[in-house]
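This is what each chain is made of:
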Amino acid sequence: LGSMGTSGNYSLTINGGFAIVNVASGDHDGFDSNGTITMTGGIAVTNGNEPFDSDGSISFTGGVWIENSASGGSYMDTQPSYTVNGGSVSQGERISLVDSNGNVIVSFKAGKSVSTLRAGGNVSGASFQTGGTLNGSTYFIDGQECAYGGTLSGGTSSSGSGSSGSNPWGQF
């Protein structure tokens with residue numbers, strides 16, 4: 001899709017649940033709209049070099065977004081949300097976004113090596129962890145590849161360039 005110049009009134013809306021985009025080698029856009037992108041709830045995870053690409057506006061009023069990018073590109077820099085940054089991760093390594101109470105927001109295995117981890121939305125006080133063991137989590141997609149809920153034990157903090165912004169949406 002991307003900047004194909006197609007005319008029309010297009011939109012991509014995420015209003016709950018889980019949406020995961022694993023960008024294939026040679027492609028670069030994760031969530032891509034020839035119009036607007038709107039997120040009002042749920043969790044959206046993408047590993048594209050341009051994780052969120054819109055020919056129109058991008059609006060986030062709820063939920064959690066996670067981008068893990070090989071090149072560090074982002075269209076989310078201007079979003080009014082709290083962001084947390086993490087370091088690099090190797091292909092197949094478990095990545096978990098854990099809230100300040102130790103609860104798993106979402107956990108998944110990286111589909112490819114990435115140099116930049118970022119999350120935004122309802123993530124105030126959250127941190128990225130790599131590895132570890134999930135306890136009491138609900139698994140979905142390919143058995144134990146993706147999970148949410150429960151706790152993480154034995155994970156290693158994946159630090160990046162810090163956290164910034166404010167959290168206008170309350171706690172997750």
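Quick caveat: nothing in here was measured; it's all calculated off a predicted structure.

A. Seen up close, the overall build of the protein. A count of helices and strands for the protein gives zero helices and 17 strands. Burial statistics for the protein: of 172 residues in total, 45% are counted as buried. In the protein, once contacts between residues fewer than 6 apart in sequence are set aside, the share between residues at least 24 apart is 59%. Carbon together with sulfur atoms contributes 45% to the accessible area of the protein, which is approximately 7,700 Å² in total.

B. Main features of the nonpolar core. V64, I66, I95, L97 and F128 are the most contacted members of the largest nonpolar core, which totals 19 residues. Of all the elements in the fold, those that place two or more residues in this core are strand 3 (36–46), strand 6 (64–69), strand 8 (94–98), strand 9 (104–109) and strand 10 (116–121). Per-element accounting of this core gives the leading share, three residues, to strand 9. When neighbours within four sequence positions are excluded, I66 is seen to be in contact with A44, V45, T46, L97, V106, F108, R118, A119 and F128. In terms of nonpolar packing, the next biggest core, distinct from the first, is built from nine residues, F31, F52, I58 and F60 among them.

C. Structural view of the environment of G92. Note on placement: G92 falls in the loop between strand 7 (82–86) and strand 8. Spatially, the C-alpha atoms of G92 and F108 are 9.0 Å apart, while their sequence positions differ by 16 residues. When sequence neighbours within four positions are dropped, the list of residues in contact with G92 reads K109 and A110.

D. Structural detail: the environment of I43. With respect to the secondary-structure elements, I43 resides in strand 3. Its relative accessible area of 2% is what places I43 among the buried residues. Separated by 21 residues in the primary sequence, I43 and V64 place their C-alpha atoms 4.8 Å from one another.

E. Highlighting the sheet that holds strand 16 (residues 156–157). Strands sit in the order 13-14-9-8-11-16 across an open sheet of six strands; the sheet is antiparallel. Two strands bound the open sheet, and with one partner strand each, they are strand 13 (138–140) and strand 16. Here strand 8 runs beside strand 11 (residues 127–130); their pairing, made up of four bridges, is antiparallel. Within the sheet, the bridge partner assigned to V98 lies in strand 11 and is S127.

Quick notes on the rules
- Residues numbered from 1 in each chain as written.
- Predicted model: local features only at pLDDT ≥ 70, side-chain atom pairs only at ≥ 80, totals over all residues.
- Heavy atoms only, no water.
- Helix = DSSP H or I, 4+ residues; strand = E, 2+ residues; numbered from the N terminus.
- Buried < 20%, exposed > 50% of the residue type's maximum accessible area, 1.4 Å probe, protein only.
- Contact = heavy atoms within 4.5 Å.
- Areas by Shrake-Rupley, 256 points an atom, 1.4 Å probe, with all protein chains shown as cover.
- Core = buried A, V, L, I, M, F, W, Y, C linked by side-chain atoms within 4.5 Å.
- Pairing = 2+ DSSP bridges.

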